[in-house]
Amino acid sequence: MSKVLYIKANVKPEGQSRTFKISDNFIDEYKKNNLDDEIITLDLYKEDIDFLRSKDLDTVFGPKNDESKTHPTLKYAYQFAEADKYVIAAPMWNLSIPAILKAYVDYISVVGISFKYTQEGAVGLLENKKAVYIAARGGSYTETPYELDGIYLRSILGFFGIKDITTISAEKLDVQGENVDKIIEEAINRAKETAKSF
């Protein structure tokens, strides 16, 4: 049995997010093929994720022990580390990820939980896990220098030791003349296929 952490980062009301239309279909298909797996949904806007403050830094950089496992500042890092698979659903905003998702990354980037420092440099502690990133994008950015959302997420997850990362994007959604419904439908089909072997 695997534990899947479904991380959602979009401020749009329920039913209006094109990203979630794709990612929810991914999750539904995954459930059909993995009946015993546990799926934990973490909607960052509903969690009201805030930015780290100076008062949080001693905890983030402090010792990790039984006491730290119950600390509210570290709960997201421990939850992230305990998962086996990750589904991250977030639209591309201004060539990057929504700020709330970056704030969340700051909570889970914790020495002694997601990575450690050694004489040879930083080493990820979350090896042998896998992730999928699902995004709606207004333009066409895949494999360009402007795909900063995917580049960043692949980099930070790789830093944690997560190497098996798939990106599913629906692009050109804001380009006049494009068949948006068809683009989203094709992305949903890719998501469902990916979910079958995720």
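Everything discussed here concerns the structure shown above.
Described in the following lines is the structure provided in the data block. (Residues numbered from 1 in each chain as written. Predicted model: local features only at pLDDT ≥ 70, side-chain atom pairs only at ≥ 80, totals over all residues. Heavy atoms only, no water.)

Using the criterion set out here, one finds ten aromatic pairs in the structure. Between Phe80 and Phe160 the ring centres are 6.0 Å apart and the planes differ by 70 degrees, which places this aromatic pair in the edge-to-face class. Pair noted here: Phe80 is in helix α4 (residues 75–82) and Phe160 is in the loop between α6 (148–159) and β7 (164–170), with a separation of 80 residues, a long-range link. On the accessibility criterion, Phe160 (0% relative accessible area) is buried. Judged by centre distance (4.8 Å) and plane angle (55 degrees), the rings of Phe115 and Phe159 are tilted. Here Phe159 lies in helix α6 and Phe115 lies in strand β4 (residues 115–118), a separation of 44 residues in the sequence. Look at Phe115 and you get buried, because its relative accessible area is 6%. By way of ring pairs, the aromatic residues Tyr76, Phe80, Tyr86, Tyr104, Tyr107, Phe115, Tyr117, Phe159 and Phe160 are connected into one cluster. Taking the ring centre of Phe20 as reference, the NZ or CZ of Lys8 above it sits at 4.5 Å. Its end group placed over the ring of Phe198, Lys85 keeps NZ or CZ at 5.6 Å from the ring centre. (Phe/Tyr/Trp six-rings, centres within 6.5 Å; stacked < 30°, edge-to-face > 60°. Helix = DSSP H or I, 4+ residues; strand = E, 2+ residues; numbered from the N terminus. Buried < 20%, exposed > 50% of the residue type's maximum accessible area, 1.4 Å probe, protein only. Lys NZ or Arg CZ within 6 Å of the ring centre and 35° of its normal.)

With that out of the way, let us pick up the pattern of salt bridges. Counted by the stated rule, this structure contains eleven salt bridges. With its nearest N and O atoms 2.6 Å apart, the salt bridge here joins Lys102 to Asp106. Taken together, the positions of Lys102 and Asp106, both in helix α5 (residues 99–108) and four residues apart, correspond to about one turn of that helix. One salt bridge connects Glu171 with Arg137, and the closest N-O pair in it is separated by 3.0 Å. Of this pair, Glu171 sits in the loop between β7 and α7 (180–196) while Arg137 is found in the loop between β6 (130–136) and α6, placing the two residues 34 residues apart along the sequence. Each of the salt bridges in this network shares a partner with another, and the network as a whole consists of Arg137, Glu147, Asp149, Arg154 and Glu171. (Salt bridge = Lys/Arg side-chain N within 4 Å of Asp/Glu carboxyl O.)

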